[in-house]
Amino acid sequence: MNRRYVLTVALAGAIGLVVAFTVLGIGYLVWGRSDGMMSDRDSGTAMGARLRDAPGPRVSHKDAARLGAQTPAGATVDPGRNSIVFTGADVRLVVLASPVMPAEDFRIAGLIDPTVIVPAGAHVSMQVINADDDMAHGLVVTRNPFPMTMMTSPAFRGAEALALGDASPAGMHTQTIDFTADTPGGYRYVCPMPGHAEKGMSGAFIVAPKASPGS
Ligand SMILES: [Cu+2]
């Protein structure tokens, strides 16, 4: 065995080791990182981008700010109790989804996730506006939102807006949901995107029994 042969084998071995570690390292970075991203990723991010340019009604940023701050007709807004109480049969309100980054919450009449109280039998019209420019959001009124918010079904027929895309310079996506709050009880309005209700996109929705005549 001559010296040159030994040197060649040693060199080939060293190159082989360098190549093997490089491949392992790149593999770790690429797969390891993407796995990490998959587990952390909010599916609302991808859906928001996908629906960003979807057709449908929009409101301008300026109108959304105005609508989101206004007191709904016939409602009593109580910031101390963080509640909005309707006593009439015609309930109209505007809900902004995630208007203040990075908070994930709903804003109604300037309040954060307020308790909304309506009388039984009221016709409810909720205009949901996605004010978030990098996340899809929706709204569902439901009885049992947790733990599987995205599997939840609306408590009243029509009481859901599933996913509105990212806001863009063209405006904010909006959808108005209409339903009849026919059964008294305690409900919640939540964002159906996975994880969002748990992060704060959730508020109480109470259907108060009608006062009996003469009481
Ligand atoms: Cu959401």
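Because the structure is a prediction, the values reported are computed rather than measured.

K.L.:
Explain the overall build of the protein here, please?
P.N.:
Along its length, the protein carries four helices and 13 strands. Out of the 215 residues in the protein, the part that is buried amounts to 38%. The contacts in the protein between residues at least 6 apart in sequence include a share of 72% that link residues at least 24 apart. For the protein, the exposed surface amounts to about 12000 Å²; the carbon and sulfur share of it is 62%.

K.L.:
Please explain the sheet that holds strand 10 (residues 160–164) as it appears in this structure.
P.N.:
Hydrogen bonds between backbone atoms are what pair the strands of a sheet, whose relative direction is either parallel or antiparallel. Strands sit in the order 2-3-7-13-12-9-10 across an open sheet of seven strands; the sheet is mixed. Here the strands that pair on one side only, and so sit at the sheet edges, are strand 2 (75–78) and strand 10. The mean inter-strand angle of the sheet, taken between neighbouring strand axes irrespective of direction, is 15°. Direction of pairing for strand 3 (residues 83–86) relative to strand 7 (residues 115–119): parallel, over a ladder of three bridges. From the neighbouring strand, Val85 faces strand 7, where its bridge partner is Ile117.

K.L.:
Which parts of the structure should I look at to understand the packing of aromatic side chains?
P.N.:
Here the distance between the centres and the angle between the planes together describe a pair of aromatic rings. Under the defined criterion, the tally for this structure stands at four aromatic pairs. With a centroid separation of 5.3 Å and 10° between ring planes, the pair formed by Phe156 and Phe179 is classed as stacked. In this pair, Phe156 sits in the loop between strand 9 (137–142) and strand 10 while Phe179 sits in strand 11 (residues 172–181), placing the two residues 23 residues apart along the sequence. You'll find Phe156 and Phe179 in the same group, each marked buried.

K.L.:
Help me out: how do you make sense of the nonpolar core in this one?
P.N.:
Most often, soluble globular proteins keep nonpolar side chains buried together rather than apart. Within the largest apolar cluster, 35 residues are counted, with the highest numbers of intra-cluster contacts made by Val141, Phe179 and Phe205. By size, the runner-up hydrophobic cluster in this structure holds nine residues, among which are Val94, Leu96, Ile129 and Met172.

K.L.:
Honestly, a nonpolar patch on the surface in this entry has me stumped. Any pointers?
P.N.:
Judged by side-chain polarity, Tyr5, Val6 and Val9 come together as a nonpolar surface patch covering roughly 290 Å² of accessible area. With respect to the helices and strands, Tyr5 occurs in helix 1 (residues 3–40).

K.L.:
Would you explain unusual backbone geometry in this entry?
P.N.:
Most of the time, phi is negative for any residue but glycine, and the peptide bond is trans. The linkage connecting Met101 with the following residue, Pro102, adopts the cis geometry, with an omega of -5°. In this fold, Pro102 is placed in the loop between strand 4 (90–97) and strand 5 (106–108). In this structure, Ser98 is a non-glycine residue whose phi angle is positive, near 50°. Structurally, the position occupied by Ser98 is in the loop between strand 4 and strand 5. The backbone of Ala109 shows a phi angle near 50°, a positive value even though the residue is not glycine. With respect to the helices, strands and loops of the structure, Ala109 is situated in the loop between strand 5 and strand 6 (111–112).

Parameters at a glance
- Residues numbered from 1 in each chain as written.
- Predicted model: local features only at pLDDT ≥ 70, side-chain atom pairs only at ≥ 80, totals over all residues.
- Heavy atoms only, no water.
- Helix = DSSP H or I, 4+ residues; strand = E, 2+ residues; numbered from the N terminus.
- Buried < 20%, exposed > 50% of the residue type's maximum accessible area, 1.4 Å probe, protein only.
- Contact = heavy atoms within 4.5 Å.
- Areas by Shrake-Rupley, 256 points an atom, 1.4 Å probe, with all protein chains shown as cover.
- Pairing = 2+ DSSP bridges.
- Axes fitted to C-alpha atoms, helices over the stretch in contact; angles between N-to-C directions.
- Phe/Tyr/Trp six-rings, centres within 6.5 Å; stacked < 30°, edge-to-face > 60°.
- Core = buried A, V, L, I, M, F, W, Y, C linked by side-chain atoms within 4.5 Å.
- Patch = residues over 30% accessible without salt bridge, like charges linked within 9 Å, V, L, I, M, F, W, Y side chains within 5 Å.
- Salt bridge = Lys/Arg side-chain N within 4 Å of Asp/Glu carboxyl O.

By themselves these figures say nothing about function.
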